[in-house]
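These are the residues of each chain, in order.
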Amino acid sequence: METTVLKKIWLSPPHMGNNEEAYVKEAFDSNWIAPLGPNVHYFETAIEEFVGNNAHTACLSSGTAAIHLALELMGVGKGDEVLCQSFTFSASANPITYLGATPIFIDSEEDTWNISPTLLEVAIKERMEMGKKPKAIVAVHLYGMPYKVDEVNAISKKYDIPVVEDSAEALGSSYRGFGCGSLGDIGILSFNGNKIITTSGGGALVSKDKSIKEKAVFLATQARDNAPHYQHSHIGYNYRMSNVLAGIGRGQMEVLGDRVNARRQNFEYYKEHLADLSEISFLEEPEGAYSNRWLTCILTPGYEVREKLRIALENENIESRPLWKPMHIQPIFKNAKHYTNGVSEKLFEKGLCLPSGSSMEREDLERICRIIKNELR
Ligand SMILES: *Cc1c(COP(=O)(O)O)cnc(C)c1O
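What you are looking at is a predicted structure, and each value in this text was computed from that prediction instead of being measured. (Residues numbered from 1 in each chain as written. Predicted model: local features only at pLDDT ≥ 70, side-chain atom pairs only at ≥ 80, totals over all residues. Heavy atoms only, no water.)

*Asks:* Even after reading the chapter, I still don't get the sheet that holds strand β13 (residues 321–322), so can you show me in this structure?
*Replies:* Sheet strands line up and pair through hydrogen bonds in the backbone, either parallel or antiparallel. Taken in spatial order, the 4 strands of this open sheet run β10-β12-β15-β13, and their pairing is antiparallel. One side of each edge strand has no neighbouring strand; the edge strands of this open sheet are β10 (281–282) and β13. Here 4 bridges tie strand β12 (residues 296–299) to strand β15 (residues 351–354), and the two strands are oriented antiparallel to one another. Note on β15: the bridge partner recorded for L299 is G351. (Pairing = 2+ DSSP bridges. Helix = DSSP H or I, 4+ residues; strand = E, 2+ residues; numbered from the N terminus.)

Here's what the structure looks like:
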């Protein structure tokens with residue numbers, strides 16, 4: 001009897017283009033292995049051109065580092081409160097605690113699955129009545145879907161509280177024609193291994209204000225004062241991106257447009273081929289929103305069906321993943337204050353991320369849809 005090993009399908013694997021190795025080799029050939037160097041400059045310029053909207057960019061060691069610096073540059077410190085989208089990956093919230101501040105979690109709305117402007121304002125009013133104005137808002141374009149930017153920015157302006165735009169999953173998405181990453185007071189990007197483009201590890205801080213970029217670079221390179229010797233008047237970090245990894249990023253920027261198209265086509269394929277299953281639904285783009293469809297997510301009737309599908313896929317060597325578990329029900333944040341409406345908990349229960357890599361082939365998508373259909377019939 002013949003045994004066949006089923007081809008593994010990953011949730012979101014790296015996908016290199018043509019020139020990444022050449023740019024990395026350039027770093028070796030010129031011995032520019034130290035942090036910084038020409039690849040970092042070219043990578044930053046490519047991001048600025050792609051994101052548009054006068055974005056100035058500082059490439060860093062991770063998206064988490066970028067959030068940390070963004071919050072610090074907003075003056076977040078010990079004892080402060082920061083409002084943070086609850087439905088997200090923990091890296092959105094962790095840096096709040098690095099600064100000795102406290103996260104307060106805000107639930108999602110149904111149209112984008114992101115921070116609810118209604119609850120955000122309720123929270124701000126209540127915190128202010130209690131005599132404590134939150135220092136910053138962390139809003140997230142989860143799975144590449146832009147949050148309600150107009151509404152969040154209006155609240156930010158009304159109460160004069162700056163927004164960290166966590167665009168780690170949304171490079172290539174846009175809102176009313178403006179690139180995600182350039183829509184908050186400070187935006188952040190991630191180039192971790194499973195993001196839409198990757199440098200194996202890395203991130204960036206984005207701001208329309210050039211001085212913010214300069215301050216971020218200063219803090220990210222150990223906060224050295226301008227002196228011939230090593231002199232410091234601030235606590236610094238070692239958060240800058242290496243010139244070797246930036247070579248990968250430089251190559252990845254050349255194919256980012258293709259990667260967005262491929263991921264959007266994955267979404268369309270799933271939607272079309274699972275359309276006749278009344279139990280399955282998808283998140284549509286609200287007016288003004290353009291999603292990079294980093295991950296295609298489906299909603300099932302509930303936990304049992306979600307798990308049935310996840311396990312059926314796993315048995316066929318296919319990786320899928322439940323939606324993010326909200327921060328306000330994470331063990332580490334169980335004592336954190338939160339403003340909730342049940343939306344994110346329901347999404348966590350019902351939702352499944354399907355394989356969404358830009359290198360997936362038609363037969364991979366066919367195989368996944370066949371398994372899902374078989375399970376639901
Ligand atoms: C990946 C991710 C981050 C963190 O980025 P790293 O580069 O992995 O540090 C932050 N927020 C969200 C929503 C993410 O998905």
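*Asks:* Sorry, what's going on with the domain arrangement of the protein here?
*Replies:* In many analyses, interface size is given as the accessible surface area lost on bringing the parts together. Entries for the protein in the domain assignment read domain 1 (20–253) and domain 2 (256–376). The centre of domain 1, based on its C-alpha atoms, is set 25 Å off from the matching centre of domain 2. With 46 residues of domain 1 at the contact, the number on the domain 2 side is 39 residues. Overall, the association of domain 1 and domain 2 removes approximately 3,800 Å² of surface from exposure, summing both partners, and the carbon and sulfur fraction of that is 63%. Broken down residue by residue, the surface that domain 1 buries against domain 2 is led by W113, Y143 and I196, which jointly contribute 22%. Linking domain 1 to domain 2 there are 2 salt bridges. Here domain 1 and domain 2 share 24 residue pairs in polar contact (both at pLDDT 80 or more) between them. (Domains from an automatic or database assignment. Contact = heavy atoms within 4.5 Å. Buried area = accessible area lost by both parts, 1.4 Å probe. Salt bridge = Lys/Arg side-chain N within 4 Å of Asp/Glu carboxyl O. Polar contact = N/O pair within 3.5 Å; in protein donor to acceptor, adjacent residues only side chain to side chain.)

*Asks:* Is there a simple way to think about the sheet that holds strand β6 (residues 174–175) in this case?
*Replies:* As summarised here, the arrangement of the 3 strands in space is β7-β6-β11, forming an open sheet in which the pairing is antiparallel. The outermost strands of the open sheet, each flanked by one partner alone, are β7 (178–179) and β11 (289–290). Strand direction decides the pairing type here: β6 and β11, joined by 2 bridges, are antiparallel. Within the sheet, the bridge partner assigned to Y175 lies in β11 and is A289.

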